[in-house]
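Residues per chain are reported as follows:
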Amino acid sequence: MEGTNPVNKKLAAALSGGAVLVLALSGCSSDNGNNDKLNSWAKQVCDAVQPQAKRIEAANAAIQKQTSDNSAPEAVQQTDAQAFQDMSDTYKAIGSAVDKAGAPNVDDGKTRQTNAVKELNDISASYADLKKQVDGLNTKDQGKFADGLKGIATQLDKLSKSGNDALKKLEEGDVGKAMAKQESCKSASASPSATSG
């Protein structure tokens, strides 16, 4: 097979959509006055999110590299499975961080926190499922392997486009403003794969 694998390109593009999802955790806005409780909540969450955002970028870069190398199916399978495992662990870790931070000090903070944690855990489970699917692909048959990857890329695309409503809700208003002031959130959102606000 000559040239790069277009299916894996699609996979890489869909995966970078997932990175933007975490980086949504650093809203672009300014001062929120002096709500110390909210600021310390934002710092705790941002500090926990920063290393996870880096892991997502690394998983994305691994798939991008595999895409440009025109690798053998076994190598693609191994890289993609590892990337999905990392993504699953990452979203679980962010969910735990938001859970541990408690409810932000705003109206309906508890509801917003609970919904965001559930959403992050659901996303984590979806990536774990994608890893299982990649592990189960037939690498001996190039055609079947490409078809299997195509199916996974489609699911990944859907996953990267959906499911961050609760995260967006969590960051509305003062919560987003408090997060935007944190150095760790600023550096997480400075990623080239994220759009700046």
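Residues numbered from 1 in each chain as written. Predicted model: local features only at pLDDT ≥ 70, side-chain atom pairs only at ≥ 80, totals over all residues. Heavy atoms only, no water.

### Describing unusual backbone geometry
- Non-glycine residue Asp108 carries a positive phi angle of around 50°.
- With respect to the helices, strands and loops of the structure, Asp108 is situated in the loop between helix H3 (73-101) and helix H4 (109-135).
- Given a relative accessible area of 40%, Asp108 falls into the partly exposed group. (Helix = DSSP H or I, 4+ residues; strand = E, 2+ residues; numbered from the N terminus. Buried < 20%, exposed > 50% of the residue type's maximum accessible area, 1.4 Å probe, protein only.)

### Remarks on H4
- The end-to-end C-alpha separation of H4 is 39 Å, in line with the 39 Å expected for 27 residues at 1.5 Å each.
- Looking only at H4, the buried set comprises Gly109, Arg112, Gln113, Ala116, Val117, Glu119, Leu120, Ile123, Ser124, Tyr127, Leu130 and Val134. (Expected span 1.5 Å × (residues − 1).)

### Here we look at the packing of aromatic side chains
- Overall, the coordinates contain two aromatic pairs when judged by the stated rule.
- The interplanar angle of 5° and the centroid separation of 5.6 Å between the aromatic rings of Tyr91 and Tyr127 together place this pair among those described as stacked. Here Tyr91 is found in helix H3, whereas its partner Tyr127 is found in helix H4, with 36 residues between them in sequence. Grouping residues by exposure puts Tyr91 and Tyr127 together as buried. (Phe/Tyr/Trp six-rings, centres within 6.5 Å; stacked < 30°, edge-to-face > 60°.)

### Re the nonpolar core
- Of all hydrophobic cores here, the largest spans 39 residues; its most connected members are Trp41, Phe84, Tyr127 and Met179.
- Secondary-structure elements contributing two or more residues to this core are helix H2 (36-68), H3, H4, helix H5 (142-161), helix H6 (165-170) and helix H7 (174-180).
- The contact partners of Trp41, leaving out residues within four places of it in the chain, are Ala101, Gly102, Ala103, Pro104, Leu170, Val175 and Met179. (Core = buried A, V, L, I, M, F, W, Y, C linked by side-chain atoms within 4.5 Å. Contact = heavy atoms within 4.5 Å.)

### Some thoughts on the pattern of salt bridges
- If you walk through the whole model with that rule in mind, you get eight salt bridges.
- With a closest N to O distance of 4.0 Å, Glu74 and Lys140 form a salt bridge. Here Lys140 lies in the loop between H4 and H5 and Glu74 lies in helix H3, a separation of 66 residues in the sequence.
- Overall, the relative accessible area of 38% leaves Glu74 in the partly exposed class.
- Linked by salt bridges that have partners in common, Arg55, Asp86 and Asp89 make up one network. (Salt bridge = Lys/Arg side-chain N within 4 Å of Asp/Glu carboxyl O.)

### Observations regarding the environment of Arg55
- Here Arg55 lies in helix H2.
- Placed 32 residues apart in sequence, Arg55 and Met87 show a C-alpha to C-alpha distance of 7.6 Å.
- Residue contacts for Arg55: discarding those within four places in its chain leaves Asp86, Asp89 and Thr90.

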